[in-house]
Amino acid sequence: TLSGFQLFRDDKFERLAPLTLSDKVNLLSSRATVIRVQPPTSMVKKFSAELQSRVQEILKDVNRECGGDALSVQIAGYQALVEAVQEGVESDTKLMDIVSLPIAILVLALMLRTFRLLLIPLLNMLVVVLTSFAIMYGVSLSMPIASIVPPFMLSVTIAMSIDYSLFMLTRFCEEIKAEGADAPRRPAALRAAVRRMQAGAGHTVLVSGCTLAVCFLGLTPLPLMLLATTGLGAALTVTIAVAVNLSLTPTLLLTFPSFFSEMRYAGLGCLLPRAARRRLAVIHVPSPFAVFPATAFSSTGSSYEPFNASFDAPLSTPSSEPMSGAVAEPLVLDPAKPNLSSELLRRRDHMPRRPAWQGLATCTRRYSVVVVAAVVAVAVPCAVQTLRITTSIDFDLLLPDGAPATVAYKDLITSFGTADIDPYVLLLQPKLTPPNATVANQLFFDDVNRLVLNLASRSGPDGGPLLNLSTVTSVTGRYDPIKTSGWEPVPAFVWRQLEHCELRLCRQLRVQWQQQVSADERMMAISIALEFDPYSRRGKTWLFAMRAALDDAAQMHADALDCDGVKLAGGGAQMLDAQAALNEYLPLTVGLTLIIVFVLVAFAFRSLLVPLRAVFSIALTLGWVYGLLVLIYQDGVLEWTHLGCFRRSPLGISWLSPVIAFACMVGLGLDYDIFLLTRIYEERAAGATDADAIATGLVTSGNVITAAGVIMAVAFTGLLLPPTVAFNQLATMLILSVLLDTFVVRTLLLPAVMSLLGPANWWPRKMPTPHSADS
């Protein structure tokens, strides 16, 4: 399992020794040599870690004795690459969590204005992590789990727990403010606030969580363990996060009402001296939930259809106990118009004072056609660029730039080709039946040599020979530049005489025989070391050309070789086949995901146009983001920033990044969509006109959705920091998606489209007739 120049030279293996030197022609001019180590499969990871430690110790001793940097050692190979990618993923996700969690908590604190409620999302995160990791541990006992799954689950836990807590707790604060300053001391008022929180924000969390879980589950059928287990772990985490937020949050609020409902002094009144509390009590501090004058809205009215989580069962009316502490202007109603429902009056009376959102709602309603046309006009040209997307499986996209494994990988390919990274292997077997079916016969050897020469005579995609004989290692022959054909056959009978032969040539041939022939002599392997990266675009073209040549060679006449059974393995074949299978399954996965999203939204709102508009918005955002990705990383439109995370990638787009981003973009986009849509529906079901419902929904949810979008964008910014192109591309897609959803689709496009549709938004559901001057 250990081979190197020194060992071969000591054993006088003249045939094998040159293979370990960088210059195989002028051996003494070689500036690098390679020591090949093949540990047992069961201990590869443990051996690799021990090897790193021991090499560094020995290297220090050698350089100390010899003075200076007499020797440099790099550890390369497929296992080293995989470990480098895994370490990069884990460190990058940890960095993202370290960056995102404090900022998310800070934004949540600014929105809630009380530190007591911050305990709830922290407890939710703890429960979600313990539960999801415990279940995933059980899953790992029956199936392999990718190493990136645990850190990815942790990131999803932080993101969803903060997101859902923001929706739930801001709604709770709003309802408590509406109930009055003494609401914590009135159980009925507290129960009503929690009930309305569950009916509104809870419904949003339920529908959003279900759709996001479905999006992640869409990755599980894909024929790649990395994506399948990542999708499974993320879907499990989202499901548990939804269950915990819908159960633990209201339980804590109802179990400790006085503690969590105390909004004064940012929830830190217990830490202040009594004298300080008395001084602060006389200072008026505007609340984020300061009431908006009712006269700012047109008076409308209708019969009241209470809103709850199922949109069907009636909700208990708010407490009739007198409210105190509300600072509102008197509600002025036009006597000529019917009165609004009591629920709608209560909401209007305690509407947050946000004139900027109200002005934006008015503009999107008044100029709805212009807004929709402008957004589509900007998005469609970007979406068209998606047709030019070029994906690549090149390892350079996944490896951290400048990492030791990356440098060793490139140096090894430059000096020795791909033989020591991941060579291609031709698997050959005889077509005779046992016991005569053995590779150790002359007819089989002759057929194999004819196959090798046949492949070498074909032209490759770059104009040179498809198979360079100097890169082929076979027991049936060897490269000989003196020969006309360039190939010297080795007689089959030679191998039968190896067992008891102690000559130097026999011993080195015996080593090669054991490496390339199976123990039962039913299978032979021929190694092909490419002179370029098998995962590059050139390597992909070579693989297709070689497979086409093998299909043609299947028609070749052979006495003993099973030409139809020739298989090409190793190299970039597995990754390229996985990419091809992913490209085949992905359109079906995307289609099914969007169909399921349509069904879930249609069921939640009992409407057909609402899910159609949601799917349109999602498709527009996806095309927009993928198009911008092409412009940034293939065309280099942001290279003027001189930021490494936005540099042009000659290799194209990492093949995994768009797939992983798809599930996140669909889920997060629908998350904000449903939150705004739920608030609009509440107003419309309570008796408001469609225009007023849209405006009120935008006003009440604007700050919350903006805060959620900012939290997500900042969280994903952590993936722009590491020098790994694939993660930079993934972060760019997620950040662009969140920003577009937050500031364009939800803020401009959704209100404008709903204003154009008017009453048709809810078709075929029958909504209560609005009582306004227009109606």
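For every chain, the first residue of its written sequence is number 1, and the numbers climb from 1 along that sequence. With the structure being a predicted model, the display of local features is reserved for residues of pLDDT at least 70 and the display and counting of side-chain atom pairs for 80 or more, all residues being used for whole-chain, interface and lining totals. Excluded from the side-chain calculations are hydrogens and water; all other atoms, namely the structure's heavy atoms, are used.

K.L.:
For this particular structure, what's the right way to read the overall build of the chain?
P.N.:
A tally of helices and strands in the chain yields 22 helices and 10 strands. Whether two residues are in contact is decided by their heavy atoms, any of which lying within 4.5 Å being enough. For the chain, contacts bridging at least 24 residues in sequence account for 79% of all contacts bridging at least 6. Shrake-Rupley sampling with a 1.4 Å probe provides the accessible areas, and residues are treated as covered by the protein chains on show and by no other component. Accessible surface, the chain: about 34,600 Å² in total, of which carbon and sulfur atoms supply 64%. Numbering of helices and strands starts at the N terminus; helices are DSSP runs of H or I of at least 4 residues and strands are runs of E of at least 2.

K.L.:
Would you mind showing me how to read helix 6 (residues 187-217) here?
P.N.:
Note on helix geometry: an α-helix contains 3.6 residues per turn, so any two residues three or four positions apart are oriented the same way. The principal kink in helix 6, of about 35°, is found at Gly202. Each residue gets one of three labels from its accessible area relative to the maximum for its type: buried under 20%, exposed over 50%, partly exposed in between, using a 1.4 Å probe on protein chains only. Judged by how many residues are buried, helix 6 sits mostly within the fold: 23 of 31 residues are covered. What is called the bend at a residue is the angle between a pair of axes, fitted to the seven residues leading up to and ending at it and to the seven starting from it.

K.L.:
Mind showing me how you'd approach the packing of aromatic side chains here?
P.N.:
In this description, an aromatic ring pair is defined by two values, namely the gap between the centres and the angle between the planes. Side-chain rings of Phe, Tyr and Trp, where Trp is taken by its six-membered ring, are said to pair if the distance between their centres is within 6.5 Å; with planes under 30 degrees apart they count as stacked, over 60 as edge-to-face, and otherwise as tilted. Applying the stated criterion across every chain yields a total of 5 aromatic pairs. The interplanar angle of 40° and the centroid separation of 4.9 Å between the aromatic rings of Tyr424 and Trp542 together place this pair among those described as tilted. Note that Tyr424 is positioned in strand 4 (residues 424-428) and Trp542 in helix 17 (residues 537-553), a separation of 118 residues in sequence. Each member of the pair, Tyr424 together with Trp542, is buried. Lysine and arginine charges are scored as sitting over a ring when NZ or CZ, respectively, is within 6 Å of the ring centre and within 35 degrees of the ring normal. The cationic tip of Arg606 hangs over the ring face of Phe603; the distance from NZ or CZ to the ring centre is 4.9 Å.

K.L.:
Hey, could you run me through the side chain of Arg746 in this one?
P.N.:
Along the chain, Arg746 falls in helix 22 (residues 725-757). Within polar-contact distance, the side chain of Arg746 engages the backbone oxygen of Thr742 at 2.8 Å. With sequence-adjacent residues up to four places away left out, Arg746 is seen in contact with Trp357, Tyr672, Leu676, Leu698, Gly702, Ile705, Thr706, Asp741 and Pro751. The definition of a polar contact used here is a pair of N or O atoms within 3.5 Å, where within protein one atom must be able to donate a hydrogen and the other to accept one, and adjacent residues in sequence count solely through side-chain atom pairs.

K.L.:
So what exactly am I meant to see when it comes to the pattern of salt bridges here?
P.N.:
Should the charged atoms of two oppositely charged side chains come close, the side chains can pair. Throughout this description, the term salt bridge denotes a Lys or Arg side-chain nitrogen within 4 Å of a carboxyl oxygen of Asp or Glu. Tallied over the entire structure, the rule returns 13 salt bridges. The salt bridge involving Arg450 is made with Asp447; its shortest N-O contact spans 2.1 Å. One end of the pair is Arg450 and the other is Asp447, both in helix 14 (residues 442-456) and 3 residues apart, which spans about a single turn. Owing to a relative accessible area of 36%, Arg450 belongs among the partly exposed residues under this scheme. On the basis of relative accessibility, which here comes to 0%, the residue Asp447 falls in the buried class. Within the structure, one salt-bridge network assembled from shared partners comprises Arg171, Glu174, Glu175, Arg196, Arg679 and Glu682.

K.L.:
Would you take a moment to explain the sheet that holds strand 8 (residues 524-528) for this structure?
P.N.:
Consider a sheet: its strands pair through backbone hydrogen bonds, and that pairing is either parallel or antiparallel. Judged by pairing direction, the sheet is antiparallel, and its 4 strands sit side by side in the order 5-8-4-9 without closing on themselves. Lying at the two open borders of the sheet, with one neighbouring strand each, are strand 5 (472-473) and strand 9 (567-570). As paired strands, strand 4 and strand 8 are joined by 5 bridges and run antiparallel to one another. Within strand 8, the position partnered with Tyr424 by the bridge is Ile528. By definition, two strands form a pair when at least two bridges between them are found by DSSP.

K.L.:
Honestly, unusual backbone geometry in this entry has me stumped. Any pointers?
P.N.:
Trans is the common state for peptide bonds, and a negative phi is the common state for residues other than glycine. Between Trp763 and the following residue, Pro764, the backbone shows a cis peptide bond with an omega angle of 5°. For Pro764, the position within the fold is in the segment after helix 22. The backbone of Arg606 shows a phi angle near 55°, a positive value even though the residue is not glycine. You can see Arg606 is positioned in the loop between helix 18 (573-605) and helix 19 (609-633). Looking at Arg606, the relative accessible area reads 31%, which means it is partly exposed.

K.L.:
What is the right way to read the nonpolar core from this model?
P.N.:
Generally speaking, soluble globular proteins have nonpolar side chains that are buried together. To qualify as a nonpolar core, a set must consist of buried Ala, Val, Leu, Ile, Met, Phe, Trp, Tyr and Cys residues joined through side-chain atoms within 4.5 Å. In this structure, Met160 and Phe216 are the most contacted members of the largest nonpolar core, which totals 197 residues. Looking at this core element by element, the count peaks at 18 residues for helix 20 (residues 657-685). If near-sequence neighbours (up to four positions away) are discounted, Met160 is found in contact with Ser165, Leu212, Val238, Ala241, Leu668 and Met712.

K.L.:
What's the story with the side chain of Arg679 in this structure? I'm lost.
P.N.:
Relative to the helices and strands, Arg679 resides in helix 20. Relative accessible area serves as the criterion here: at 7%, Arg679 is assigned to the buried category. Apart from residues no more than four positions distant in its own chain, Arg679 is found in contact with Arg171, Glu174, Gly697, Thr700 and Ser701.

K.L.:
Would you explain empty space enclosed by the protein in this entry?
P.N.:
Empty space left among the atoms is revealed by rolling a probe the size of a water molecule over them. In this analysis a 1.4 Å probe is tested at points of a 1 Å grid over the protein atoms alone, and where it fits but cannot get out there is a cavity; an open set with protein on both sides within 12 Å along at least five of seven lines is a pocket; lining residues have an atom within 4 Å of a point. Grid points are joined across faces, edges and corners, and a volume is the space filled by probe spheres set on the points. Enumeration according to the criterion identifies 3 cavities of 30 Å³ or more in this entry. In this structure, the largest cavity occupies an estimated 70 Å³ of space. Taken together, Ala614, Ser617, Ile618, Thr621, Gly669, Leu670, Tyr672, Asp673, Asp741, Val745, Arg746 and Leu750 make up the lining of the largest cavity. Of all the elements in the fold, those that place two or more residues in the lining of the largest cavity are helix 19, helix 20 and helix 22. Ten residues, namely Ala, Val, Leu, Ile, Met, Phe, Trp, Tyr, Cys and Pro, are considered nonpolar, four, namely Asp, Glu, Lys and Arg, are considered charged, and the remaining ones, Gly among them, are considered polar. Per-class residue counts for the lining of the largest cavity are 6 nonpolar, 3 polar and 3 charged.

K.L.:
Looking at this structure, how should I read the confidence of the model for the chain?
P.N.:
Low pLDDT marks stretches whose predicted atomic positions should not be read closely. On average, residues of the chain score 77 in pLDDT, and 80% of them are at 70 or above. Confidence scores per residue from the predictor, reported as pLDDT, run from 0 to 100. When pLDDT is averaged over each helix and strand of the chain, the minimum, 52, is found for helix 9 (residues 274-281) and the maximum, 92, for helix 12 (residues 368-384). pLDDT under 50 marks residues 282-340. Its contacts with residues more than four places away, or in other chains, come to 140 contacts.

K.L.:
Teacher, can you tell me more about the environment of Trp542 here?
P.N.:
The exposure class of Trp542 is buried, given its relative accessible area of 4%. As for Trp542 and Leu467, which are separated by 75 residues in sequence, their C-alpha atoms are 9.6 Å apart. Setting aside anything within four residues of it in sequence, one finds Trp542 in contact with Tyr424, Pro461, Leu466, Ile528, Leu530, Phe532 and Leu568.

K.L.:
What exactly am I supposed to notice about helix 11 (residues 355-366) here?
P.N.:
An expected span of 1.5 Å times one less than the residue number is assigned to each helix. Spanning 12 residues, helix 11 covers 16 Å between terminal C-alpha atoms, matching the ideal 16 Å at 1.5 Å per step. For helix 11, the set of buried residues is Trp357, Gln358, Ala361, Thr362 and Thr364. The buried residues of helix 11 occupy an angular sector of 165° when the element is viewed end-on, so they sit on one face. Structural note: helix 11 exposes Pro355, Ala356 and Arg366 on the side pointing more than 90 degrees away from its buried face. Buried residues along helix 11 sit in contact with helix 12, helix 21 (690-717) and helix 22. The arc in question is traced by the directions running from the helix axis to the C-beta atoms.

K.L.:
Looking at this model, I keep getting lost on the packing of helix 11 against helix 21. Mind explaining?
P.N.:
Geometry of a packed helix pair, given as the angle between the helix axes and the separation of the axes. Where helix 11 contacts helix 21, the two axes come as close as 9 Å, and the packing angle between them is 130°. When the interaxial angle is binned, helix 11 and helix 21 end up oblique. Pair helix 11 / helix 21 crosses with right-handed handedness. The residues of helix 21 that touch helix 11, namely those facing Trp357, Gln358, Leu360, Ala361 and Arg365, are Ala691, Ala695, Leu698, Val699, Gly702, Asn703 and Thr706. Among the residues forming the contact of helix 11 with helix 21, the class breakdown is 7 nonpolar, 4 polar and 1 charged. Comment: axis = line fitted to C-alpha atoms, over the contacting stretch for helices; angle = value between 0 and 180 degrees taken between N-to-C directions. Roughly parallel refers to an angle under 35 degrees, roughly antiparallel to one over 145, roughly perpendicular to one between 65 and 115, and oblique to any angle outside these ranges. For a crossing to be left-handed, the near helix must be turned anticlockwise from the far one by less than a right angle; the clockwise case is right-handed.

K.L.:
Would you take a moment to explain a nonpolar patch on the surface for this structure?
P.N.:
Residues Leu119, Leu122, Leu123, Phe256 and Phe259 make up a contiguous nonpolar surface patch of roughly 430 Å² in combined accessible area. Leu123 gets classed as partly exposed once you look at its relative accessible area, which sits at 38%. Exposure above 30% relative accessible area and the absence of a salt bridge qualify a residue for a patch, where like charges join within 9 Å and nonpolar side chains (Val, Leu, Ile, Met, Phe, Trp, Tyr) within 5 Å.

K.L.:
What exactly am I supposed to notice about the pairing of strand 8 here?
P.N.:
In summary, the side chains of a regular strand alternate between the two faces of the sheet. Buried residues dominate strand 8, accounting for 5 of its 5 residues. Burial of the side chains of strand 8 extends over both faces: Met524, Ile526 and Ile528 are buried on one face and Ala525 and Ser527 on the other. Here strand 5 runs beside strand 8; their pairing, made up of 2 bridges, is antiparallel. By the bridge assignment, Thr473 is partnered in strand 8 with Ser527.

K.L.:
Would you take a moment to explain the environment of Ala602 for this structure?
P.N.:
If you trace the backbone, Ala602 turns up in helix 18. Overall, the relative accessible area of 16% leaves Ala602 in the buried class. Each C-alpha atom of the pair Ala602 and Trp762 lies 10.0 Å from the other, and the pair is 160 residues apart in sequence. With residues near it in sequence (within four places) discarded, Ala602 still touches Ser607 and Pro611.

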